[in-house]
Amino acid sequence: MTRSARRVPVAQRLEHVALELFAAQGFDETTVDELAAAGGVGRRTFFRYFPTKLDVVLGELDEGLAGLVLALAEQPGADPVAAARAAFLAVNRYADVELPALRRRLGLIEDVPELAARATVRYRDWESALAADAARRWAVDAASLRAQVFGRAVVAAMRAVFSAWHGHPEADADALGALVDEAFDALARGFA
């Protein structure tokens, strides 16, 4: 199942028009009223789906985290690198039609300082989830330095993967998967 198939149709439509408007007008220049009108809903309905304008862009990070936690739980074995690799590959499957929206989202997160700052706060939850999973597999405390370094290193590596992929407009979903594998190959050497 692709990411868009899991979205509520109204939220999916609002997200789609928002990403297009942000690309055309700029994030700061686009108002919630414009987003709601373009999505065919009222302002109050918009806020039922997205608490803030930022959440239109960043909400997928929360959904991705929930998917990552489930995918990690499904991975067997004592190797957190192998588990994290499989989980990230599972949660980052995109259909070709989803790639333009992903590129817009990544561009906004990289280019709009407020979005970048808020994304960094949300990445802490990703780091914690990865640290907890690694700690369980290594039979150490989740607060241990080893587990914390692992969680932060994996998130930093995945941020670098998405940045590298975004920098190549011709890159497809397979290229994204290849970059994830390349990053985890490097992580495996460091955490062996």
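Here the residue numbering is sequential within each chain, running from 1 through the sequence in written order. A pLDDT threshold of at least 70 governs which residues receive local features in this predicted model, and a stricter bar of 80 or more applies before side-chain atom pairs are shown or counted, although totals over entire chains, interfaces and linings include all residues. Hydrogens and water are ignored here; the side-chain numbers use all heavy atoms of the structure.

Some words on the layout of surface pockets
The gaps left among the atoms become clear once a water-sized probe is rolled over them. So the rule is basically this: In this analysis, the protein atoms alone were mapped onto a 1 Å grid. Cavities are point sets where a 1.4 Å probe fits without being able to get out; pockets are open sets with protein on both sides within 12 Å along at least five of seven lines; lining residues have an atom within 4 Å of a point. Grid points are joined across faces, edges and corners, and a volume is the space filled by probe spheres set on the points. Numbering of helices and strands runs from the N terminus, with a helix taken as a DSSP run of H or I at least four residues long and a strand as a DSSP run of E at least two residues long. Residue polarity is assigned by list, with Asp, Glu, Lys and Arg as charged and Ala, Val, Leu, Ile, Met, Phe, Trp, Tyr, Cys and Pro as nonpolar; anything else, Gly included, falls into the polar class.
By volume, the largest pocket is sized at about 390 Å³. Taken together, 20 residues make up the lining of the largest pocket; nearest its centre are L61, L106, Y123, R159 and F162. Looking at the lining of the largest pocket, the elements with two or more residues in it are α4 (53-74), α6 (99-111), α7 (113-138) and α8 (145-166). Each residue belonging to the lining of the largest pocket can be placed in one class, and the counts come to 12 nonpolar, 3 polar and 5 charged.

A few points about unusual backbone geometry
The phi dihedral of A139 falls on the positive side, at around 60°, and the residue is not glycine. Looking at the secondary structure, you find A139 in the loop between α7 and α8.

Side note on the nonpolar core
Heads up, the rule is: Here the nonpolar core consists of buried residues drawn from Ala, Val, Leu, Ile, Met, Phe, Trp, Tyr and Cys, with membership extended through side-chain atoms lying within 4.5 Å. The cut-offs for exposure are 20% and 50% of the maximum accessible area for each residue type, with area from a 1.4 Å probe on protein chains only; residues under the lower value are buried, those over the upper are exposed, and the others partly exposed. When checking whether two residues touch, look at their non-hydrogen atoms; a contact exists if any pair is within 4.5 Å.
Judged by nonpolar contacts, the single largest core of 58 residues is most densely connected at F46, V57, F88, L130, M158 and F184. Sorting the residues of this core by element identifies α1 (9-25), α2 (32-38), α4, α5 (80-91), α6, α7, α8 and α9 (173-191) as the ones contributing at least two each. Ranked by the residues each element gives to this core, the list is headed by α4, at 9 residues. Those residues in contact with M158 that lie beyond four places of it in its chain are F88, V180, A183 and F184.

Overview of the pattern of salt bridges
Going by this rule: A side-chain nitrogen of Lys or Arg and a carboxyl oxygen of Asp or Glu constitute a salt bridge if their distance falls within 4 Å.
This structure, assessed with the given rule, holds 10 salt bridges. Across the salt bridge formed by D55 and R122, the nearest N and O atoms sit 2.6 Å from each other. Placement of D55 in helix α4 and of R122 in helix α7 is noted, with a sequence separation of 67 residues between them. This pair shows no difference in class: D55 is buried, exactly as R122 is. The partner of D181 in a salt bridge is R85, and the shortest N-O contact between them spans 3.0 Å. Residue D181 is found in helix α9, and its partner R85 is found in helix α5; the two are separated by 96 residues along the sequence. Classification of D181 by relative accessible area gives partly exposed; the value is 28%. Three or more residues joined by partner-sharing salt bridges are found here, namely E15, E60 and R105.

Observations regarding the packing of aromatic side chains
Our working rule: Classification of ring pairs rests on two measures: the distance between centres of Phe, Tyr or Trp rings, Trp counted by its six-membered ring, which must be within 6.5 Å, and the angle between planes, read as stacked under 30 degrees, edge-to-face over 60 and tilted in between. Geometrically, a charge over a ring is one whose NZ (Lys) or CZ (Arg) sits within 6 Å of the ring centre while staying within 35 degrees of the ring normal.
As enumerated under the stated definition, the model contains 6 aromatic pairs in all. Ring geometry for F22 and F27: centres 4.8 Å apart, planes at 55°, overall tilted. Where W138 meets F150, the ring centres are 5.6 Å apart and the plane angle is 75°; that geometry is what we call edge-to-face. Here W138, found in helix α7, pairs with F150, found in helix α8; they are 12 residues apart in sequence, far enough to count as distant. For F150, a relative accessible area of 0% puts it in the buried group. Feature note: the residues F46, F47 and F50 constitute an aromatic cluster, connected by ring pairs. Sitting over the face of the ring of F27, K53 holds its NZ or CZ atom 4.5 Å from the ring centroid.

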